[in-house]
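Observations on the three-dimensional arrangement
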Amino acid sequence: MTGDRLAAIDWGQVALDLDAQGSAVIERLIAPAECQTLAALYPRDALFRSRVVMARHGFGRGEYKYFSYPLPDLIGALRTALYPHLAPIANRWNTAMGIDVRYPDRHAAFIERCHTAGQSRPTPLLLQYGAGDYNCLHQDLYGEHVFPLQVVILLSEPGRDFSGGEFVMTEQRPRMQSRPMVLPLRQGDAAVIAVHHRPVQGTRGVYRVNLRHGVSRVHTGQRHTAGIIFHDAA
């Protein structure tokens, strides 16, 4: 089923959106029932390797948990199946930015590269926010080997399960002020985003712009999100 869903996505448009703004929205990547099933995993501590309370680290308010291996079936299947569609974009970006790193066609081969370098801790995660919670702007960098794109899936329905809590990004171009962006997501929608930087064509050639992402303050209710990061952590 995952393959059928991904085959129906206009990956050409995803690439165009990523090139233009460092993000692309895939509507209804997973069904509402799947969203609810994933969100319901949050209290099951045996599925996770660690829990992070954001306020303790100055990350914001709210909390998140990193899954242990083996990953839940849907998270693992999406991680494996999304990667081959994103690797060509990642390789094209690195070529444009003069970065020598190239990514293999299969995610298993990239994970083997991470593990050989000592990055063996899984990074897919679930995030939970309540009223007053937020996530400061950040980048998910966990070691030397970083895949430059990641996927964020909103598991809750805005206006029903929570209010506020917009997914936000900023883009910092050299010698310019940061540009803010808000990505409108509904339950089951996925945002494909740049992890760190992306190439931009300027008058004097290609240059890199720096991107960060976060979540604005939740006003009411509870908000759950799944994050699929393709590199593992040291």
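Further up the page is the structure itself.
In this report, we go over the structure that sits alongside the text. No experiment lies behind these values; they were computed from the predicted model shown.

**A look at the environment of Arg-198**
Among the secondary structure elements, Arg-198 is positioned in strand 12 (residues 197–202). What makes Arg-198 buried here is its relative accessible area of 1%. Separated by 105 residues in sequence, Arg-198 and Trp-93 have C-alpha atoms that sit 6.6 Å apart. Among the polar contacts made by the side chain of Arg-198, one reaches the side chain of Glu-171 at a distance of 2.7 Å.

**Brief notes about the pairing of strand 9 (residues 167–172)**
On a regular strand, each side chain points to the face opposite its neighbour's, so the side chains alternate between the two faces of the sheet. When strand 9 meets strand 10 (residues 179–183), the two strands line up antiparallel, connected through 5 bridges. Across the sheet, residue Val-168 finds its bridge partner in strand 10, namely Val-182. Between strand 9 and strand 10, which follow one another and run antiparallel, lie 6 residues, and Arg-175 among them has a positive phi close to 60°.

**Quick notes on the packing of aromatic side chains**
A full pass over the atoms with the stated rule returns 11 aromatic pairs. Here Phe-48 and Phe-67 contribute two aromatic rings whose centre-to-centre distance is 4.7 Å and whose plane-to-plane angle is 20°, an arrangement assigned as stacked. A residue pair is termed long-range when its members are at least 10 positions apart, and Phe-48 in strand 2 (residues 48–53) and Phe-67 in strand 4 (residues 63–67) qualify at 19 residues. Under the relative-accessibility criterion, Phe-67 is labelled buried at 0%. Note on Tyr-83 and Phe-230: the rings are 6.2 Å apart at their centroids and 55° apart in plane angle, and the pair reads as tilted. Taken together, the residues Tyr-83 in helix 5 (residues 73–97) and Phe-230 in the segment after strand 15 (223–229) connect sequence positions 147 residues apart. When its relative accessible area of 0% is taken as the criterion, Phe-230 is described as buried.

**A few points about the nonpolar core**
Grouped together as the largest cluster of nonpolar side chains are 70 residues, with contacts concentrated most on Leu-29, Ile-30, Leu-86, Phe-147, Val-151, Ile-153 and Leu-155. For this core, the element with the highest residue contribution is helix 5, accounting for 11 residues. Leave out the neighbours within four places in its chain, and Leu-86 touches Trp-11, Phe-147, Leu-149, Val-151, Val-192 and Phe-230.

**Brief notes about the packing of helix 2 (residues 11–21) against helix 5**
In helix packing, the relevant descriptors are the interaxial angle and the interaxial distance, both defined with respect to the helix axes. Across the interface, helix 2 lies against helix 5 with an axial gap of 11 Å and an inter-helix angle of 40°. Relative to helix 5, the element helix 2 lies oblique. Here helix 2 runs over helix 5; the crossing is right-handed. Taking contact as the criterion, the partners of Trp-11, Ala-15, Leu-18 and Asp-19 in helix 2 are, on helix 5, Leu-82, His-85, Leu-86, Ile-89, Arg-92 and Trp-93. Classifying every residue of the contact of helix 2 with helix 5 gives 7 nonpolar, 1 polar and 2 charged.

Definitions and limits used
Residues numbered from 1 in each chain as written. Predicted model: local features only at pLDDT ≥ 70, side-chain atom pairs only at ≥ 80, totals over all residues. Heavy atoms only, no water. Helix = DSSP H or I, 4+ residues; strand = E, 2+ residues; numbered from the N terminus. Buried < 20%, exposed > 50% of the residue type's maximum accessible area, 1.4 Å probe, protein only. Polar contact = N/O pair within 3.5 Å; in protein donor to acceptor, adjacent residues only side chain to side chain. Pairing = 2+ DSSP bridges. Phe/Tyr/Trp six-rings, centres within 6.5 Å; stacked < 30°, edge-to-face > 60°. Core = buried A, V, L, I, M, F, W, Y, C linked by side-chain atoms within 4.5 Å. Contact = heavy atoms within 4.5 Å. Axes fitted to C-alpha atoms, helices over the stretch in contact; angles between N-to-C directions. Parallel < 35°, antiparallel > 145°, perpendicular 65-115°, else oblique. Left-handed = near helix turned anticlockwise from the far one by under 90°. Nonpolar A, V, L, I, M, F, W, Y, C, P; charged D, E, K, R; others polar.

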